[in-house]
Amino acid sequence: MAIYDLAVIGKGLIGSAALRHLTVNCPGLNVCVIGPDEPRNRRKHVGVFSSHYDQGRITRVLDPSPLWGKLARESIARYPLIETASGLQFHHRVGCLRATDIPERILEIDDCAARYEPPHQRLDAAGCLERYPYLSFSDEFVAWDEKGEAGYINPRQLIEAQLKTAVAMGATVIREIVSGLAVKRDGLEIATREGRRIQARKALLTAGGYSNTLLERKLDMPTKSHTILLAETPPDEIKRLRRMPSIISSFDDPAVDSLYMLPPVPYPDGKTYIKLGPSGQDERYFDATEDDRELIPWFQSDGSAVIAAEMKKALHRMVPNLKVSSYKTVPCLITNSAHGNPYIDAIVKDRLYVTTAGNGYGAKSSDEIGRIGTMLCATDEWHSDLERGEFRAVYADGGSK
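A brief look at the structure comes next.

Cut-offs and rules
- Residues numbered from 1 in each chain as written.
- Predicted model: local features only at pLDDT ≥ 70, side-chain atom pairs only at ≥ 80, totals over all residues.
- Heavy atoms only, no water.
- Helix = DSSP H or I, 4+ residues; strand = E, 2+ residues; numbered from the N terminus.
- Contact = heavy atoms within 4.5 Å.
- Lys, Arg positive; Asp, Glu negative; His and termini not counted.
- Charge placed at Lys NZ, Arg CZ, Asp CG, Glu CD.
- Expected span 1.5 Å × (residues − 1).
- Buried < 20%, exposed > 50% of the residue type's maximum accessible area, 1.4 Å probe, protein only.
- Polar contact = N/O pair within 3.5 Å; in protein donor to acceptor, adjacent residues only side chain to side chain.
- Core = buried A, V, L, I, M, F, W, Y, C linked by side-chain atoms within 4.5 Å.
- Pairing = 2+ DSSP bridges.
- Salt bridge = Lys/Arg side-chain N within 4 Å of Asp/Glu carboxyl O.
- Phe/Tyr/Trp six-rings, centres within 6.5 Å; stacked < 30°, edge-to-face > 60°.
- Axes fitted to C-alpha atoms, helices over the stretch in contact; angles between N-to-C directions.
- Parallel < 35°, antiparallel > 145°, perpendicular 65-115°, else oblique.
- Left-handed = near helix turned anticlockwise from the far one by under 90°.
- Nonpolar A, V, L, I, M, F, W, Y, C, P; charged D, E, K, R; others polar.

**A word on the overall build of the protein**
Line of reasoning, step 1. For the protein, the helix and strand inventory stands at nine helices and 21 strands.
Line of reasoning, step 2. Its C-alpha atoms give the protein principal-axis dimensions of roughly 65 × 45 × 45 Å.
Line of reasoning, step 3. Within the protein, residue pairs in contact and separated by at least 24 positions form 75% of the contacts whose partners lie at least 6 positions apart.
Line of reasoning, step 4. In the protein, which carries 51 positive and 53 negative side-chain charges, the distance between the mean positions of the two groups comes to 5 Å.

Pasting the structure below:
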């Protein structure tokens, strides 16, 4: 039986990034990633799901949080390298328009713009209307029109690109579901639902909302449902909106603090959709600490009809006179941390480490999050100029160690 130097548990955006960085920065190690492929039939699947089963996630630097802006900037800078190494395109530079009427948010994003200086132009509502006449914002809105590398990524393609590059450099991909994790004196034993036993000297847990199902001491990691609206866009509207950027719009509203929207994006069913998602609306929190029984019915569903109805109204307010051929909704999951940043920490020093909790922002920053996590696991040293304490693991029992 092969004994891996390091096993990554979780084959999503962070896990696939961690694996590639292992092969790049720690050549010579015998490494693997363990995680299932996307199910062919979501409604009948009873195994592990993931929220990266999608065609579009917004990518940009400008953010109210300097930490998330830094993580995004470092990740985005590597997109060309990953595309070249893999031969796969996942990055679409359509720009990102960030708009808000919240005074505090305006100051935060101005600070991020000054700190990281991404190519952008600050616009008032009239400037937005002049540049994007098909969009509608109130007169109180301020917007930052970020160009350069901003736009969206295809998460499915990004994962495939990360894995393809890592495999070409000697990594192993094990397409199975991890069901158990035991820390031993000389390493770890990882069990899969398919009956395999995998030995590793160290492991990095990147299983998102499923991470707590494998940990004895549970992380403080609220896991929340999230409903996505997909509006099928007919050909004439695709043509009219061909210069549309990705959009994040924040409101001074207690019920919905922001909405994000992507331009028309082709999906595997042959249709093209505008994707819209909310923030600030609590749908449902899951207890995913012991097993995934609560998650399965959610991922087999169409999400929340109530949230979908609100998003339809918001979509047509933001894009007046929009023609839509059909609507559909899909379920998603957001895994939060206690402090709003990812958990990147040692669970058992020299054995088990964790890199999880994207807080709804992890896709665009996954490459840098994966790099920091995998280098911590491989070396037990902190390889970032961001403060390690900002990423400390916080446990459900209230402790941090």
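**Things to note about unusual backbone geometry**
Line of reasoning, step 1. In the Ramachandran plot, Glu117 falls in the positive-phi region, its phi being about 50° despite a non-glycine side chain.
Line of reasoning, step 2. Note that Glu117 resides in the loop between α3 (103–116) and β6 (120–124).

**Some remarks on helix α5 (residues 155–168)**
Line of reasoning, step 1. For α5, which comprises 14 residues, the first-to-last C-alpha distance of 20 Å matches the rise-based estimate of 20 Å (1.5 Å per residue) to within 8%.
Line of reasoning, step 2. Turning to α5, its buried residues number three or more, namely Pro155, Leu158, Ile159, Ala161, Gln162, Leu163, Thr165 and Ala166.
Line of reasoning, step 3. The opening residue of α5 is Asn154, an N-cap whose side-chain oxygen sits 3.0 Å from the backbone nitrogen of Arg156.
Line of reasoning, step 4. The positive-phi residue at the C-terminal boundary of α5 is Gly170, with phi of around 110°.

**With respect to the nonpolar core**
Line of reasoning, step 1. Ranked by size, the top nonpolar core spans 48 residues in total, and within it Leu6, Leu19, Leu71, Phe90, Ile344 and Phe391 carry the most contacts.
Line of reasoning, step 2. Sorting elements by how many residues they give to this core places helix α2 (residues 66–86) first, with seven residues.
Line of reasoning, step 3. Beyond its immediate stretch of four places on either side in the chain, Phe90 contacts Tyr79, Ile82, Glu83, Tyr152, Ile153, Asn154, Gln157, Leu158 and Ala161.
Line of reasoning, step 4. With 38 residues, the next largest nonpolar core counts Val48, Ile177, Ala207 and Leu214 among its residues.

**Regarding the sheet that holds strand β3 (residues 57–59)**
Line of reasoning, step 1. Across the sheet, three strands lie side by side as β3-β8-β4; this open sheet has antiparallel pairing. The sheet is open, and its two borders are formed by β3 and β4 (91–92), each paired with just one other strand.

**Details of the environment of Lys147**
Line of reasoning, step 1. Mapped onto the elements, Lys147 comes out in the loop between β7 (142–146) and β8 (151–153).
Line of reasoning, step 2. Distance from Lys147 to Gly95, taken between C-alpha atoms, is 4.6 Å for residues 52 residues apart in sequence.
Line of reasoning, step 3. If sequence neighbours within four positions are ignored, Lys147 has contacts with Pro119, His120 and Tyr132.
Line of reasoning, step 4. In terms of polar contacts, Lys147 uses its side chain to reach the side chain of Tyr132, at 3.0 Å.

**Describing the pattern of salt bridges**
Line of reasoning, step 1. Under the definition given, this model contains 33 salt bridges.
Line of reasoning, step 2. Residues Arg57 and Asp54 are paired through a salt bridge, measuring 3.4 Å at the closest nitrogen-oxygen approach. Taken as a pair, Arg57 and Asp54 share a single burial class, namely buried.
Line of reasoning, step 3. In this structure, Asp380 and Lys349 form a salt bridge, with 3.5 Å as the shortest nitrogen-oxygen distance. Taken together, the residues Asp380 in the segment after α9 (362–379) and Lys349 in the loop between β20 (343–348) and β21 (352–356) connect sequence positions 31 residues apart.
Line of reasoning, step 4. When salt bridges with common partners are traced through the structure, they connect Arg20, Arg78, Asp367, Glu368 and Arg371 into a single cluster.

**Re the environment of Ser211**
Line of reasoning, step 1. Mapped onto the elements of the fold, Ser211 is located in the loop between β12 (197–205) and β13 (223–232).
Line of reasoning, step 2. A sequence separation of 77 residues divides Ser211 from Ala288, and the C-alpha atoms of the two residues are 8.5 Å apart.
Line of reasoning, step 3. Leaving out residues up to four positions away in the same chain, Ser211 has contacts with Leu205, Thr206, Met221 and Thr356.
Line of reasoning, step 4. Here the side chain of Ser211 touches Ala207 through a polar contact of 3.3 Å, landing on its backbone nitrogen.

**A word on the side chain of Ser211**
Line of reasoning, step 1. Taking the relative accessible area as the measure of exposure, Ser211 reaches 0% and is therefore buried.
Line of reasoning, step 2. A distance of 3.3 Å separates a polar atom in the side chain of Ser211 from a polar atom in the side chain of Thr356.

**Some remarks on the pairing of β20**
Line of reasoning, step 1. Looking at chain direction, β20 and β21 are connected through five bridges and run antiparallel. Looking across to β21, one finds that Val348 is bridged to Leu352.
Line of reasoning, step 2. Between β20 and β21, which pair antiparallel and follow one another directly, the connecting turn spans three residues, one of which, Asp350, has a positive phi of 70°.

**Describing the packing of aromatic side chains**
Line of reasoning, step 1. If you walk through the whole model with that rule in mind, you get eight aromatic pairs.
Line of reasoning, step 2. Relative to Phe299, the ring of Phe49 has its centre 4.8 Å away and its plane inclined at 10°; by these criteria the two rings are stacked. Taken together, the residues span a long stretch of sequence, with Phe49 in the loop between β2 (31–34) and β3 and Phe299 in helix α7 (residues 295–299) at a distance of 250 residues. The two residues Phe49 and Phe299 agree in class, both being buried.

**Some details on the packing of helix α1 (residues 13–25) against α9**
Line of reasoning, step 1. Remark: α1 packs on α9, axes separated minimally by 7 Å, with the N-to-C direction vectors making an angle of 50°. Judged by the angle between their axes, α1 and α9 are oblique. The two elements α1 and α9 meet at a crossing, and its hand is right-handed. In this structure, α1 contributes Leu13, Ile14, Ala17, Ala18, Arg20, His21, Leu22 and Asn25 to the contact, and α9 contributes Ala363, Ser366, Asp367, Ile369, Gly370, Arg371, Thr374, Met375 and Ala378.
Line of reasoning, step 2. When its residues are assigned to classes, the contact of α1 with α9 shows nine nonpolar, five polar and three charged.

**Looking at the packing of α2 against α3**
A pair of packed helices is captured by two measures, namely the crossing angle of their axes and the spacing between those axes.
Line of reasoning, step 1. Axis separation between α2 and α3 bottoms out at 10 Å; the angle between their running directions is 40°. As judged from the angle between their axes, α2 and α3 are oblique. Remark: the crossing between α2 and α3 carries right-handed chirality. Where α2 approaches α3, its residues Pro66, Gly69, Lys70 and Arg73 are matched on the opposing element by Asp111, Cys112, Arg115 and Tyr116.
Line of reasoning, step 2. Considering only residue class, the contact of α2 with α3 consists of three nonpolar, one polar and four charged.

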